[in-house]
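Below are the chains, spelled out letter by letter.
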Amino acid sequence: MKQVLNRIQFSRFLSLTLLLVTQLIAFSSFSQDVAAEAAPSEEPAADLGGDPVKGKQLFNQNCAACHALNRKMTGPALANVETRLSENEGLGKEWLYKWIKNSAGMIASGDAYANKIYNEYNQSAMTAFPTLSNEDIDNILAYTAAPAPTPKVAVAATGGGESAATSGGVSNEIILGALALVFGLLVVMLFLVNNTLRKIAEANGVQVVKEAAEKRTPIWKAFAQNQFLIFCTVIVFLLSSAYFAYSWMSQIGIDQGYAPVQPIHYSHRIHAGVNKIECQYCHSSARVSKHSGIPSLNVCMNCHKSIYEYKGPAEGPSADDLANGYTNEFYTKEIKKLYKAVGWDEENQQYTGDSQPVEWVRIHNLPDFAYFNHSQHVSVGKIECQTCHGPVEEMEIMYQYSPLTMGWCINCHRETEVQVADNEYYSKIHEELSKKYGVEKLTAAQMGGLECGKCHY
């Protein structure tokens, strides 16, 4: 019996399919050209006063970290900011130039809207961009004013109810459907022809054998034998590892938002907010020491000898308090924990001497090599506690409000003016430095607040 190899000849099949596809594509292109000619021309773009393409790049480089176009982030939304400022506040582009280049200066000068924005967004200082030219700012404003891209829709042809895409020819959906149908028919025909040829071969005594498959090297083995691919893979792996290692290490020690669970629940909202207790009544060492200190339990007992039960407001706990479990009974139980720790006998109104240490969890941690003195800032600098610790009078659970990074501290020293009025500590040095710099007001940076040795041992 004669043996032949079973090799499927695809040349004619591919040629026929290619010819059909070419004709359909040409027909589709002709239809689209007709539709494009029938569609009305677009109106010229409005003059935005700058290049929005360049503005988008500048926006992403300088603004996107704190601003978005259509929603609030660290700063306000910037879509159509120039128009909104002009219509709502009566401020022109010159105001924006000054604000972007030196926001701190405008706040210090007493500009009403600058201070309004500064206070509205939690007094988050905006980074100054003195290197941006007016042309750069125009480009950014043009990007913020550019309309959002809208999807293109088919324009109806005049004088008829059909769209331009269908009036000049067949729609793309029909073309793709016809192409799929033809391809399916060709596959079926090929299958039938193959079966017919096999039957003819068997009738004539021809044995059909399959061609031996070519033995191929496995992919993993081919990869292992290619030294260039291995080298590139190792380089990519090392770079990726270095990137992730750097990202991880750069976050070490940054615990913004850290709010540990304390052994005794202490509500700053009730003590500092509702009852208006001064921060330094409890943290008295902040005035005279490097550390603010953890208040001893006898400070708590100054009040809680008499306040043995939490009664709360007359209207009762709020809906949020109830949702979080902050009921009157909850706070009363925390007072009992205080009594147990300090060794207080409620019935006999005396100390038993059986006290237990309270293992408070520290919230604000600085590296050992970073020096920070509370008394220098509180007593001499007269800085409010909320400047660094946030609105503690609103915090039910105390958490780290500020990042406490080196950049955050340096930025504060650059922008914070030293309060010298009625401050004998600065009376002499203020006169000398004012003559040196030729200014009436001084920042902490001008007084050496950026010197490495001020904060690092």
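To be clear, the structure that these remarks concern was listed above.
Residues numbered from 1 in each chain as written. Predicted model: local features only at pLDDT ≥ 70, side-chain atom pairs only at ≥ 80, totals over all residues. Heavy atoms only, no water.

1. A look at the environment of M106
Following the sequence through the fold, M106 ends up in helix α5 (residues 103-108). The exposure class assigned to M106 is buried, which follows from its relative accessible area of 9%. Filtering out sequence-adjacent residues up to four positions away, M106 remains in contact with W95, K98, W99, D111, A114 and N115. (Helix = DSSP H or I, 4+ residues; strand = E, 2+ residues; numbered from the N terminus. Buried < 20%, exposed > 50% of the residue type's maximum accessible area, 1.4 Å probe, protein only. Contact = heavy atoms within 4.5 Å.)

2. What to know about the packing of aromatic side chains
In this structure the tally under the stated criterion is nine aromatic pairs. Between the aromatic rings of F59 and Y143, the centroid separation amounts to 5.3 Å while the plane-to-plane angle is 55°, which identifies the pairing as tilted. Within this pair, whereas F59 is found in helix α2 (residues 52-62), its partner Y143 is found in helix α7 (residues 134-145), the two being separated by 84 residues in sequence. There is no split in this pair, since F59 and Y143 are both buried. Residues Y310 and Y331 carry aromatic rings whose centres are separated by 4.7 Å and whose planes lie at 55° to one another, so their mutual orientation is tilted. On the criterion of sequence distance, the pair formed by Y310 in the loop between α14 (297-304) and α15 (319-324) and Y331 in helix α16 (residues 328-342) is long-range, its members being 21 residues apart. Each member of the pair Y310 and Y331 is classed as buried. (Phe/Tyr/Trp six-rings, centres within 6.5 Å; stacked < 30°, edge-to-face > 60°.)

3. Some remarks on unusual backbone geometry
A positive phi angle is found at N80, which is not glycine, with a value near 55°. Here N80 is to be found in the loop between α2 and α3 (81-89). Under the relative-accessibility criterion, N80 is labelled partly exposed at 35%. With a phi angle near 60°, L404 is a residue other than glycine that sits in the positive phi range. In this structure, L404 sits in the loop between α18 (385-389) and α19 (406-415).

4. Quick word on the nonpolar core
Counting 24 residues, the largest nonpolar core has L85, W95 and W99 as its most contacted members. The set of elements that each furnish at least two residues to this core consists of α2, α3, α4 (93-101), α5, α6 (112-120) and α7. Among the elements that make up this core, the one with the highest residue count is α4 (five residues). Other than its neighbours up to four places away in sequence, W99 contacts M106, I107, A114, I117 and M126. Counting 10 residues, the second-largest nonpolar core is a separate cluster that includes I264, I335, Y339 and A341. (Core = buried A, V, L, I, M, F, W, Y, C linked by side-chain atoms within 4.5 Å.)

5. Observations concerning the packing of α2 against α7
For the pair α2 and α7, the least separation of the axes is 7 Å and the interaxial angle reads 100°. Accordingly, the angle class assigned to the pair α2 and α7 is roughly perpendicular. In contact with P52, K54, G55, K56, L58 and F59 of α2, α7 contributes D136, N139, I140, A142, Y143 and T144. When the residues that make up the contact of α2 with α7 are grouped by side-chain class, the tally is six nonpolar, three polar and three charged. (Axes fitted to C-alpha atoms, helices over the stretch in contact; angles between N-to-C directions. Parallel < 35°, antiparallel > 145°, perpendicular 65-115°, else oblique. Nonpolar A, V, L, I, M, F, W, Y, C, P; charged D, E, K, R; others polar.)

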